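# A structural walkthrough
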Amino acid sequence: METEVKKLNIDINEEEKKARELINKQGLRVLVCNGTGCIANGSNEVIEKFKELGADVGILEENKKMVTVPTGCHGFCEQGVLVIIPDFDITYVKVKPDDVEEIINSHIKDGKPVERLLYTDPKTNLHVYKNEEINFYAKQSRTSLKNCGEINAECIDEAIAKGAYRALSKVLEQNNPEAVIEEIEKSGLRGRGGGGFPTGRKWRFTAANRGGKSYVVCNGDEGDPGAFMDRSVMEGDPHKLLEGMAIAGFAIGADEAYIYVRAEYPLAIKRLRIAIKQAEERGFLGKNIMGSGFNFEIHIKEGAGAFVCGEETALMASIEGERGMPRPKPPFPANCGLFGRPTLINNVETLANVPVIIDKGAQWFSSFGTEKSKGTKTFALTGEVNNTGLIEVPMGTTLREIIFDIGGGIRNGKKFKAVQIGGPSGGCLTEEHLDIPMDYDNLIKAGAMVGSGGLVVMNEDTCIVEVARFFMHFTQNESCGKCVPCREGTKNMLKILEKIVRGDGEMKDLDTLEELALAVKEGSLCGLGKTAPNPVLSTLKYFRDEYIAHIKDKKCPAGVCSALKTYKINEELCKGCTKCARNCPVGAIEGTVKNPHKIVQAKCIKCGACIASCPFKAISLV
Amino acid sequence: MANTLFINNKECEYTNEPNLLEVIRNNGFNVPTFCYRPDLTQYGACRMCVVEIEGRGLQSSCTMPPEPGLKIHTNTERTRRVRKIVLELLLANHDRECTTCNKSGNCELQKYAQEYGIEDIRFAGKKPQDFLPIDNLNPSIVRDPNKCILCGACVRACSEFQGHSVLGFANRGSKTVVQPFAGRTLGSVDCVFCGQCQAVCPTGALTIKSDIERVWGLINDKDKKVAVQMAPSVRVALGEEFGLNPGENVIGKLNAALRQLGFDLIFDTNFAADLTIMEEANEFIERLNKGENLPLFTSCCPAWVRYLETHHPELLNHLSTCKSPEGMLSPVIKELVPKYYEGYDKENLYVVSIMPCTAKKAEAIRSQLMKDGRFETDVVLTTQEIAKMIKSAGINLAKIKPEKNDSPFGQYTGAGTIFGASGGVAEAAVRTAYELVTKETLTNLDFKPLRGVDKTHRTKEAIVDIKGTKIKVRVVSTLKEAEKSLRELIEGKADYQLLEVMACPGGCINGGGQPRSCDDSKIKELRAEGLYKEDIELPLRKSHENPDIQKLYNEFLEKPNSHKAHELLHTTYSDMFKNSYKDFSNK
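Just so we're clear, the structure is a prediction, and the values are computed from it rather than from any experiment.

Thresholds applied
Residues numbered from 1 in each chain as written. Chains lettered and ligands numbered in written order. Predicted model: local features only at pLDDT ≥ 70, side-chain atom pairs only at ≥ 80, totals over all residues. Helix = DSSP H or I, 4+ residues; strand = E, 2+ residues; numbered from the N terminus. Rg over C-alpha atoms; globule rule 2.2 N^0.38 Å. Buried ≥ 20, exposed ≤ 12 C-beta atoms within 10 Å, placed from the backbone. Contact = placed C-beta atoms within 7 Å. Nonpolar A, V, L, I, M, F, W, Y, C, P; charged D, E, K, R; others polar. Domains from an automatic or database assignment. Pairing = 2+ DSSP bridges. Axes fitted to C-alpha atoms, helices over the stretch in contact; angles between N-to-C directions. Left-handed = near helix turned anticlockwise from the far one by under 90°. Parallel < 35°, antiparallel > 145°, perpendicular 65-115°, else oblique.

### A short note on the overall build of chain B
Along chain B, the regular secondary structure elements total 18 helices and 19 strands. Compactness check: chain B gives a C-alpha radius of gyration of 24 Å against a globular reference of 25 Å for 587 residues, within 12% of the reference. If you line up chain B on its principal axes, its C-alpha atoms span 75 × 55 × 50 Å. Looking at chain B as a whole, 54% of its 587 residues are labelled buried. Looking at chain B alone, contacts between residues at least 24 apart form 74% of all its contacts between residues at least 6 apart.

Following this line, the structure appears as structure tokens:
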């Protein structure tokens, strides 16, 4: 293999310097989050307002003008729209268009921060000025998400100023694909899409088939409910992904690549398209990249939103124009992938970690994490915690740190009950798992998985059986229908769970459910099917009592399952006004005027009309 | 070179098997499967063939390539558990009216449910009121979606054999179904009726449309005379239904059985195959001389004819105008039998044909094959159907004493009999064309390059030197392969002068109406061997030497391609590209 050092026709350090100067010249940068979440909260209007009013601000101190920069996602979406002014080291949250005038007049012109728009710590009730002092950010260490929220994703100079394409330049100059693969191997990076397969090893397998046509495929078919880390990278820092792909292409000998993005991510698609065009114009993609002779063309394939297309063989079938159904492995994509050619398929977050590994070195990267899981991992933290959003923490961080430090604890002082990790393929973990370091192997051992990194925190008011039913409903709907265990097995698991939630469960159903779950896990064709029973298996393991309560006592301990609730009239509070009896659609309430009424349980359909109609709050659910 | 691995602790050898399932079967073990078919791409969906591999857990054996030293266990608690759950789940969702199902006794789901002792279905399934309507608007195939287990074999067969995808998957998850395009019926899509979909179907979801009762009706009607003819490849496959080996020629026994069933006259389509050669070889020579409409396409295969009519009407001029052998014999019988036999006239004479083919049922109702308001062939039965009739009549074909057929359409040559295997028509045509043109005797009658019916022999070629004129003969089986040859022609790159096409892989011996053989690709090779064996054993091996053929021309048809011959033996085609969707929707 040729390893002669190459002279490139673009000096990346020079480019970076120029880009920095360009940005410094801009003036006082007001960063307004323009990710999908903040756009939904009105970020476009906030940006318009800043631009409109900012035009009149004129020249500020140090000869600076004010400039509004729409950025990618900061991750703290629930507090959106977020506005950050780096020069003032301040973060504003929940900014509305009407607040813009005050920020400009009070802070930008007069230097007085607008306190009411600062984040309030739920524990101390104090205002927090600096971004890194907000508890949500304090314990994070952002690698793949680093630039998201700091740069305008539609402007390549902003990315270059932050070091984009430095790693690619290094790789092309050194001109040694083997060394790139070794570096990735040494870094200990593992696939961030769910399986956790060592990335370097995957590269090596694919590179072994170097010679003919090969492909790089980026899996951006992020489908787990609530997970949006890949979207954030594509929307907020697309060049990082493109650069990672180009490095991968160079390492394995591919000259063509596909990014498979769900069509439900229109903003990501738009920004990727812009980024590809700009990178091609600047000579970082396309033919003869930076004069190295290396060609790399990236296409975008919009997926139609089938969850199963996140499975690599189904994804490739979809790119080929076939029905998105997985096929058995072997043959592995490394040998026979897209269009029958050797194919490297990595997900967005994995590839986004590549440039920094090349740039800062494998050693730097592997200084984060645990023994077998290196680097950082993003998680989508949702559910009953105070701070929800997208976070990135070193592998090995405990659930307790995530939920109680970054997440700021359980909302409204309720009790923590469980956390669902890894989306529909993951499992439910409990109090006893709060202190285990989260990495690939520990989570598998506990019956969950890192998956794409969904974290749904549940409090005491959550019914675990209902949670299992919810996830089973999702996987059943998203099953591709190819193999029998997944197609028919999940359907019948769902039927059993529905039966239990409905109050018709029998004890033998639990055995059937468990037997089915095991068969689906062992017998299914692809990863989706093999992991689909995890929510059921883990909840059966850790919360069997709750299932039994539903079946034997016909009670939902969390009070969620409506079929298992009973409406009761408190005789002491009831004045006998007859309003409830008149409002009951099925005539289930008996009683005479001015005497306490009674609900005939056999007739009651649990619609709740009586509670709504009672003027004395005499009716309650038990 | 043989490698070894371990199956159930026994050291086993393997050579070039594509997957573990084949290795397992070749070493005296078996694992069940619904979706694996050796002639189709591996699919891995039914999960019945899972085996436990030490160090690798459960794997579907149909998709795992063998590796030296693997330690495989085919029958463990885990594999049985998965298989039993799969069976239970499939049965829960299945119309379990087995007793009246066309596939009963031949159904793989039924067989494995029995073997694995599935007695109790714990899962609530479809209720009869949820059953989907049965699609019986196709003249050859009946589709019962309530019996489909979604193994995808039919979808693959249609796409991989015929390049056609009449059937495909729709919806997803538990709502997935296999259906014709856009939920139409099988009667209103471009189906070519080859029947390969039902040949690979493990259950009663796709079956042959039965015409057995119509035939009993004809036989039992005292006022009707029923003549019967059977195609070359029926004789080497029918025996399988009665415990005989594939390839064993049962023509004499079949004659005897048919007479027992009550057919009045028994003729042989092989005779008509010789007749086809007389017409087609002369047609070919004429086209060669004129340099017109070349290459000549053979027209024996009704699925191929239908394909051209619906997909390439612009190429219909290449198609031989000869009817298929069966299509020739029926009008000849109706025209001439009354001249030879007393008590027979055109009105009371009916013709039943026994074919390896489901598309023949559709061919028989072509308007071009009608005469005096009646179809020339009245009923087409498949090999499977005649086997059922023979069984229901209490006849043991294996033991019945062979009998001869009736004259004057009973004698045949080896050229006629090899029509049943892909390449046979071309070989028979060349034998005759050579001698007709050169007036010399052909010494080597075996055109080996045109033979072979396995997966690797779907396109074959031979160059024949006829007195200095080099003729390139191309033989293809499956329409997917045929389409490639048509592409060459359309692009002006075709260098062949004669194109034989059979839609079924390997030709009629593997037709959609033959006894089920989809789990063993060797069976069609044995059937082909049976035909080539008969070819060698027959005293005459060239169609033009058949004395009955010579007599027919002398007494009635004058000469090949005469006016009379055209009237009875040739046909026309129509452009069905535009209205192919309407064609069968009302039938």
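There's more to say after this.
### Re the overall build of chain A
Helix and strand content of chain A: 26 helices and 19 strands. With respect to the three principal axes, the spread of C-alpha positions in chain A is 95 × 65 × 40 Å. A burial count over chain A gives 55% of its 622 residues as buried. Expressed as a percentage of contacts within chain A between residues at least 6 apart in sequence, the contacts between residues at least 24 apart total 72%.

### A closer look at the interface of chain A and chain B
Interfaces are often sized by the accessible area lost when the parts come together. Counting residues at the interface gives 27 residues for chain A and 26 residues for chain B. Secondary structure elements with two or more residues in the side of chain A that touches chain B: α19 (464-478), α20 (484-501) and α21 (507-523) of chain A. For the side of chain A that touches chain B, the leading source of residues is α20 of chain A, giving eight residues. Among the residues making up the side of chain A that touches chain B, the classes are represented as 10 nonpolar, eight polar and nine charged.

### What to know about the domain arrangement of chain B
Residue and element names in this part refer to chain B. Considered domain by domain, chain B is made up of domain 1 (3-75), domain 2 (86-208) and domain 3 (213-569). A C-alpha centroid distance of 31 Å is found between domain 2 and domain 3. Of the residues lining the interface, 19 residues belong to domain 2; the matching set on domain 3 comes to 23 residues. Mapped onto the side of domain 2 that touches domain 3, the elements with two or more residues apiece are α4 (153-162) and α5 (196-200). Classifying every residue of the side of domain 2 that touches domain 3 gives nine nonpolar, eight polar and two charged.

### Observations regarding the sheet that holds strand β4 (residues 90-92) of chain A
Residue and element names in this part refer to chain A. Spatially, β2-β1-β3-β4 is the arrangement adopted by the four strands of the open sheet, whose pairing is mixed. Strands at the two margins of the open sheet, each flanked by one partner only, are β2 (66-71) and β4. Across this sheet, the average inter-strand angle for adjacent strands is 20°, counted without regard to direction. Here strand β1 (residues 28-33) runs beside β2; their pairing, made up of six bridges, is parallel.

### Details of the packing of helix α10 (residues 229-236) of chain A against helix α12 (residues 266-282) of chain A
All names here are of chain A. Running from N to C, α10 and α12 point in directions that differ by 40°, and their axes come no closer than 8 Å. Pair α10 / α12 crosses with left-handed handedness. Residue-level contacts link Arg231, Met234 and Glu235 of α10 to Leu267, Ala268, Arg271 and Leu272 of α12.

### Describing the sheet that holds strand β13 (residues 349-355) of chain B
All names here are of chain B. Taken in spatial order, the four strands line up as β11-β10-β13-β16 in an open sheet, and their pairing is parallel. If you trace the sheet from one side to the other, it starts and ends with β11 (265-268) and β16 (379-382), each paired once. Each strand axis lies, on average, 25° off the axis of its neighbour in the sheet, ignoring direction. Sheet topology places strand β10 (residues 225-230) next to β11; four bridges connect them, and they run parallel. Bridged to Met230 within β11 is Asp268. Packed on one face of the sheet, helix α10 (residues 325-340) meets β10, β11 and β13 and runs near 155° to β13.

### Considerations on the packing of α19 of chain A against α20 of chain A
Packed helix pairs are specified by the crossing angle of their axes together with the interaxial distance, meaning the distance between the axes. All names here are of chain A. Closest axis-to-axis distance for the α19/α20 pair is 9 Å, and the angle between their directions is 150°. The angle between the axes of α19 and α20 places the two elements in the roughly antiparallel class. Note on packing geometry: the crossing formed by α19 with α20 is left-handed. Residue-level contacts link Val465, Glu466, Ala468, Arg469, Met472, His473, Thr475 and Gln476 of α19 to Thr490, Lys491, Met493, Leu494, Leu497, Glu498, Ile500 and Val501 of α20. Here the residues of the contact of α19 with α20 sort into eight nonpolar, four polar and four charged.

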